[in-house]
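# Structural overview for review
What follows is the residue order along each chain.
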Amino acid sequence: MNYDDWKLSNPIDDGYGYNMISNCCGAIIYDDTDICSECKEHCEPMEDYEYEAAREEAYAEMMADGERDER
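The present account deals with the structure reproduced in this document. (Residues numbered from 1 in each chain as written. Predicted model: local features only at pLDDT ≥ 70, side-chain atom pairs only at ≥ 80, totals over all residues. Heavy atoms only, no water.)

## What about the overall build of the protein?
Under the convention used in this document: Numbering goes from the N terminus for both helices and strands, where a helix is a DSSP run of H or I of at least four residues and a strand is a run of E of at least two. Each residue is assigned to one of three classes by its accessible area relative to the maximum for its type, calculated with a 1.4 Å probe on protein chains only: buried under 20%, partly exposed between the two thresholds, exposed over 50%. The contact criterion used throughout is that any non-hydrogen atoms of two residues lie within 4.5 Å.
Regarding its fold elements, the protein presents two helices and two strands. Counting from the amino terminus, the protein carries its helices and strands in the arrangement α-β-β-α. Put simply, the protein has 71 residues, and 13% of those count as buried. Long-range pairs, those at least 24 residues apart, make up 33% of the contacts in the protein between residues at least 6 apart in sequence.

Okay, structure coming up:
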């Protein structure tokens, strides 16, 4: 696959797909339930890439808050 085809391709159609995970602790959700299998709490299912992006954003915000507190 050349670069142009790769850049325009859809990962789900390419067979890679994504997993549905809970928004509380990142545990994989296999059924259409809203109860997390890890923490047994009601959670919202979200795609794994969305969870990773949210965690990265939360980490960056935490680091920025820490830098502000040091001043």
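## Focus on the pattern of salt bridges
Two side chains that carry opposite charge are able to pair once their charged atoms sit near each other. Here is the rule: Any Lys or Arg side-chain nitrogen found within 4 Å of a carboxyl oxygen on Asp or Glu counts as a salt bridge.
By the definition in use, this model includes one salt bridge. One salt bridge in this structure joins Arg68 and Asp65, with 2.1 Å as the shortest N-O distance. Residue Arg68 and its partner Asp65 are located together in helix α2 (residues 48-70), separated by three residues, close to a single helical turn.

## Observations regarding a nonpolar patch on the surface
This is how the line gets drawn: The patches reported here contain residues having more than 30% relative accessible area and no salt bridge. Joining distances are 9 Å for like charges and 5 Å for nonpolar side chains (Val, Leu, Ile, Met, Phe, Trp, Tyr). Computed with a 1.4 Å probe, the accessible areas rest on the Shrake-Rupley method; for each residue, only the protein chains presented here act as cover.
A cluster of nonpolar residues, Tyr59, Met62 and Met63, forms a patch on the protein surface that exposes about 330 Å² of accessible area. When you line up the elements, Met62 lands in helix α2.

## A closer look at the side chain of Ser22
The topology assignment puts Ser22 in strand β1 (residues 20-22). Residue Ser22 is classed as buried on the basis of its relative accessible area, which comes to 0%. Discounting chain neighbours no more than four positions away, the residues touching Ser22 are Ala27, Ile29, Cys36, Cys43, Glu44 and Tyr51.

## Considerations on unusual backbone geometry
Residue Lys40 is not a glycine yet carries a positive backbone phi of 60°. Structurally, the position occupied by Lys40 is in the loop between β1 and β2 (45-47). With a relative accessible area of 58%, Lys40 lands in the exposed category.

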